[in-house]
Amino acid sequence: MKTRWSLTIDPSEQTALTDVLDSCPNSPIEVALAR
């Protein structure tokens, strides 16, 4: 959601997101940017 709307994330959010993404490194992620 934050990427879609080009919002910033704080360090704790980045850590949490990195942990989740590290558990599924081969899964594609698609983002539809807001216009």
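Look up: the structure comes first, before these words.
The paragraphs below set out a description of the structure included in this document. In this text, all values refer to a predicted model and were calculated from it rather than measured experimentally. (Residues numbered from 1 in each chain as written. Predicted model: local features only at pLDDT ≥ 70, side-chain atom pairs only at ≥ 80, totals over all residues. Heavy atoms only, no water.)

## A look at the environment of Ile29
You can see Ile29 is positioned in the segment after helix 1 (11-22). Along the primary structure Ile29 and Arg4 are separated by 25 residues, whereas in three dimensions their C-alpha atoms are 12 Å apart. (Helix = DSSP H or I, 4+ residues; strand = E, 2+ residues; numbered from the N terminus.)

## Some points on a nonpolar patch on the surface
A surface patch of nonpolar side chains, amounting to about 380 Å² of accessible area, comprises Leu21, Ile29, Val31 and Leu33. The exposure class of Leu21 is partly exposed, given its relative accessible area of 41%. (Patch = residues over 30% accessible without salt bridge, like charges linked within 9 Å, V, L, I, M, F, W, Y side chains within 5 Å. Areas by Shrake-Rupley, 256 points an atom, 1.4 Å probe, with all protein chains shown as cover. Salt bridge = Lys/Arg side-chain N within 4 Å of Asp/Glu carboxyl O. Buried < 20%, exposed > 50% of the residue type's maximum accessible area, 1.4 Å probe, protein only.)

## A word on the environment of Arg35
Within the secondary structure, Arg35 is located in the segment after helix 1. With relative accessibility at 97%, the residue Arg35 sits in the exposed group. Counting along the chain gives 30 residues from Arg35 to Trp5, while the straight-line C-alpha distance between them is 8.4 Å.

## Brief notes about unusual backbone geometry
With phi around 55°, Ser6 is a residue other than glycine that occupies positive phi space. Along the chain, the position of Ser6 falls in the segment before helix 1. Note on Ser6: relative accessible area 63%, which makes it exposed.

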